[in-house]
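Spelled out from the first residue to the last, the chains are:
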Amino acid sequence: MTTKDLDELALLLGGGMSARSSAALPKREQSPTVTVAGFGELRLPLTAATARRLVAKGEAAPFGKGEETLLDTSVRHTWHFPRTAVDVDWHGQLDDILDEARRALALPVGCRLEAEFHSLLVYERGQFFAQHQDSEKDDAMVATLVVVLQSPSSGGELVVHGPEGPSTYAGSRDATTMVALYADAVHEVLPVRTGHRVALTYNLLLRGDTAGQTVGGDAVAEAETLLNRHFTTAVKPRYGGEAATPTRVAYLLDHSYTPRALVGGMGRLKGVDAERAAILREAAARAGCEVVLALADVHETRDDGYGGDESLIDSEVTITHARAADGTVEEPGILLTNAELTATTPSRALRAYAREHQGYMGNYGNTIDRWYHRGALLVWPTHLAFANRVRAAPAAELRTALRRLAEHDDSATRDIAGLLPIWPDVVSSLGYRHLVSGEPSGVSHLFADAMALASHLDDETMGDALLHPFAIDDLSPEGADSLLGLADTRGPAWTRARISRWFSPEARRSYGGLSENWVEDLPELTRALRQRPDLTSLLLQQSWAWLRPQLPSQLAATSTTTVRSRLADLGKLLASVMGAVAEADGAADEVRAEVIAWCSDEASDSLLDLLLPALNAAGAWPAARIDKSGLRDLARVASDLLEQRANSAPREVDDWSIHLPAGCSCDLCEKLVGFLANPAARVLEWPIAKQGRQHLHHRLDGAELPVTHVTRRQGSPYVLVLRKTADLFEADARRRSEAEQELRRIAKTWWA
Ligand SMILES: O=C(O)CCC(=O)C(=O)O
Ligand SMILES: [Fe+2]
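Each chain has its residues counted from 1, following the order in which its sequence is written. The order in which chains are written sets their letters, starting at A; the order in which ligands are written sets their numbers, starting at 1. Given that this is a predicted model, residues contribute local features only at a pLDDT of at least 70 and side-chain atom pairs are listed and counted only at 80 or more, while totals for whole chains, interfaces and linings are drawn from all residues. Computation of side-chain values covers all heavy atoms of the structure but excludes hydrogens and water.

Attention shifts here to the site of ligand 1. We define proximity as follows: a residue is near a molecule or strand when any one of its heavy atoms falls within 4 Å of that partner. Near ligand 1 the following residues occur: Arg 76, Leu 121, Tyr 123, Phe 129, His 132, Asp 134, Val 146, His 187, Val 189, Arg 197 and Thr 201. For this analysis, a polar contact is any N or O atom pair within 3.5 Å, provided that within protein one partner can donate a hydrogen and the other can accept it, and provided that sequence-adjacent residues contribute only side-chain to side-chain pairs. In this structure, Asp 134 approaches ligand 1 through a side-chain N or O atom, which is 2.9 Å from an oxygen atom. At 2.7 Å, a side-chain N or O of Arg 197 approaches an oxygen atom of ligand 1. The numbering of helices and of strands both runs from the N terminus, where a helix is a DSSP run of H or I of at least 4 residues and a strand a run of E of at least 2. Residue assignment for the shell around ligand 1 shows that the elements contributing at least two residues are strand E10 (112–123), strand E11 (128–132), strand E17 (186–189) and strand E19 (197–207). All residues other than Ala, Val, Leu, Ile, Met, Phe, Trp, Tyr, Cys, Pro, Asp, Glu, Lys and Arg, Gly among them, are scored as polar; the first ten of these are nonpolar and the last four charged. Taken together, the residues of the shell around ligand 1 sort by class into five nonpolar, three polar and three charged.

Any nitrogen, oxygen or sulfur atom within 2.8 Å of a metal ion counts as a donor, with the limit raised to 3.2 Å for Na, K and Ca, and since water is left out, coordination shells can look unfinished. Coordination of the iron ion (ligand 2) by the protein involves His 132 (NE2), Asp 134 (OD) and His 187 (NE2), with metal-donor separations of 2.1 Å. Counting residues between consecutive donors of the iron ion (ligand 2) along the chain gives the motif H-x1-D-x52-H. Placement of Asp 134 in the loop between E11 and strand E12 (141–148) and of His 187 in strand E17 is noted, with a sequence separation of 53 residues between them. The buried label goes to any residue with under 20% of its type's maximum accessible area, the exposed label to any with over 50%, and the partly exposed label to all in between, with areas taken from a 1.4 Å probe on protein chains only. Here His 187 falls in the buried class, since its relative accessible area comes to 5%.

On to the domain arrangement of the protein chain. In this document the domain limits rely on a domain assignment from an automatic tool or a database. The assigned domain composition of the protein chain is domain 1 (17–212), domain 2 (216–392), domain 3 (514–647) and domain 4 (667–731). Domain 1 and domain 2 are separated by 38 Å when their C-alpha centres are compared. Here, two residues are considered to be in contact whenever any of their heavy atoms come within 4.5 Å of each other. Facing five residues of domain 1, the contacting portion of domain 2 comprises four residues. Buried area is a sum: the accessible area each of two parts loses on coming together, probed at 1.4 Å, counted once for each and added. Both faces combined, the contact of domain 1 with domain 2 buries some 380 Å², and carbon together with sulfur accounts for 52% of it. A carboxyl oxygen of Asp or Glu within 4 Å of a side-chain nitrogen of Lys or Arg is what we treat as a salt bridge. Summed over the shared surface of domain 1 and domain 2, the number is one salt bridge. Here Arg 229 makes a salt bridge to Asp 99, at a shortest N to O gap of 3.1 Å. Summed over the shared surface of domain 1 and domain 2, the result is one residue pair in polar contact (both at pLDDT 80 or more). In terms of residue class, the side of domain 1 that touches domain 2 is made up of two nonpolar, no polar and three charged.

All right, on to the packing of helix H23 (residues 631–646) against helix H26 (residues 727–750) then. Where H23 contacts H26, the axes come no closer than 9 Å and their chain directions differ by 155°. Relative to H26, H23 is oriented roughly antiparallel. Regarding H23 and H26, the two cross each other, and that crossing is left-handed. Taking contact as the criterion, the partners of Leu 631, Arg 632, Ala 635, Ala 638, Ser 639, Leu 642, Glu 643, Arg 645 and Ala 646 in H23 are, on H26, Arg 735, Arg 736, Ala 739, Glu 740, Glu 742, Leu 743, Ile 746 and Trp 750. Here the residues of the contact of H23 with H26 sort into nine nonpolar, one polar and seven charged. Each axis is a line fitted through C-alpha atoms, and for a helix only the stretch in contact is used; angles between axes span 0 to 180 degrees, taken between their N-to-C directions. Should an angle lie under 35 degrees it is considered roughly parallel, over 145 roughly antiparallel, and from 65 to 115 roughly perpendicular; all remaining angles are considered oblique. When the near helix sits turned anticlockwise from the far one by under a right angle, the crossing is termed left-handed; a clockwise turn instead gives a right-handed crossing.

Turning to the layout of surface pockets, a few remarks are in order. Here a cavity denotes a set of grid points, spaced 1 Å apart and computed over the protein atoms alone, in which a 1.4 Å probe fits but from which it cannot get out, and a pocket denotes an open set meeting protein on both sides within 12 Å along at least five of seven lines; residues with an atom within 4 Å of a point are reported as lining. Grid points are joined across faces, edges and corners, and a volume is the space filled by probe spheres set on the points. Here the second largest pocket defines a volume of roughly 1,300 Å³. Together, 36 residues line the second largest pocket, and Ser 559, Arg 564, Asp 605, Ala 731 and Arg 735 are the ones closest to its centre. Secondary-structure elements contributing two or more residues to the lining of the second largest pocket are helix H18 (551–556), helix H19 (561–583), helix H21 (608–617), H23 and H26. Considering each element in turn, the lining of the second largest pocket owes the most residues, 10 residues, to H26. Among the residues forming the lining of the second largest pocket, the class breakdown is 15 nonpolar, seven polar and 14 charged.

Next up, the structure:
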């Protein structure tokens, strides 16, 4: 419904629909259920046999002319069932159809059409209705609705002869077709050539206060009605969710403007834009809405089709600039959905500022992308103005609200209440934007502001709702003060419960895990919160609880480059947690004890791939942080492991055995394992088909073993030559000498 209102609004702003004598209404999939007395329900589409049985029950249709009713088959030749003999069930669709008829006839929005069933008509082959006008039996009757039921036929078209020329409407076997026509328009039904034509006719009566209004007479009043209707009709979002009333709409202008021109405001609009904007602004003011001048960037992708028949594949409209009340121009980057957009002129009819052709892409044929700059008017109900402005410039608006709250300005509380319904969406779309652009989270500022607002609000439920959309990784060191303030107003129990919630997987917007950037900043955050040991200890327990379960699988995995690099990343995060423990100044010592105990228990050789990067990350830390972090204990664990490594027995000079980590156990892999494990075998020449060769390449490369594999392209199948390389011994020696170096380094850095 809503988008129809918007379409009508755009049409209206464009000067309205030119008056028409008749129009087809959109086809309907669901047909009405028609029951005829003494016959029963009509099964649709109507078969020829049913139509013939029906005709047998019909009466010859009379023809009303002035006061007399005549039977004259040279004027009208058809079978008819009077209203008393017919029952029609529209399954709730009739109101919608009548609104479509009103729109199609360009009748004002403020009025309403009412349908009065007239009769059921069945035309057999050769039957027709000659040119005539419908008699207006009721003062309110302005038009006729003709509904042609599904029935196979040819001929029998309804032709309406308006001042704009004749319009011809055919019926259909597969859909209910409908035509609305003004009663004074001359019309006729052409002779049916084959099959049957079955039609319902209705008198359309004009109701409502504005019934006397002339078409296009008061565009402002009509636009006002449409805006009111738009902002009070709840719609279900396209991809699921609760039905909600729209919060904004953008009307796209025909001209493009520079951001500088925007400063000049509405007075600078060009051509048709000026008058359209004037009507919309006046209507908006009457409907209690605010209008903001903005710039839109439209991107359309169309299928090139064949023979120039383009169809729209995708369109994206972003509000790039918006003019604030004080004349400053903001760059909100608001992405609008189709349901929030309307335009009198489609973008396709305007000049694109850029275009790009793409060749065949699989799903589509050739595609063409076009980009347009268009002025835009953003419209929203005044009570949602603050919410919409926050969406455009969150930081600035929230800060003003905070100032107003501090000054006990009650309107601020009202504004925040208006913001709440869209707040989760504002937060998540901002979070998403930063995720995509790779910028540091802009949400952390929002979070800090929201916490500050929440501690100033008297209404705690409202404050809770403001804090609800955030996750713990939105908390930055700069937000710490706001959190401390909140902890003062709401008390420790409340604050701890909140923090736990912000850690929960449901609070996560992106991957479900913590953001690693956030964990890296943990020492600074902890330091900023250190006056609240109950909070810092909770923060660190939760962080360790997040990190710990990620370690075992990486430590157990085959030590490839990828695995080592992941362990190095985790090592840096571990160092962050330990650094934060130090900053917590005794509040999180139990976390430190847990980490040390965990690492001492684990004590496998691969733990070095975690611990050494962790120790390196702490290289530049101040001594005080190092001392309290527990990293020295981890350095002890690491040096024990390094010692074992350095002292491990070197590989025997003639031992060429290599262990292939478990994976596949197919016949080929069994044979591979056998060759690799054999201490005496160095080369294997293996005639094997392509698929098998590829499989083996995969296994060997995946495990990063010191074995070359070359295919000798000779004979059939080709021969795969596997050769163990001397790196087997070199790597072994390197490993031990590096362990010794590392040991010396640790001794120097950690207990010098
Ligand atoms: O059968 C129709 O489509 C139109 C009938 C008609 O014009 C009338 O009943 O006045
Ligand atoms: Fe008629």
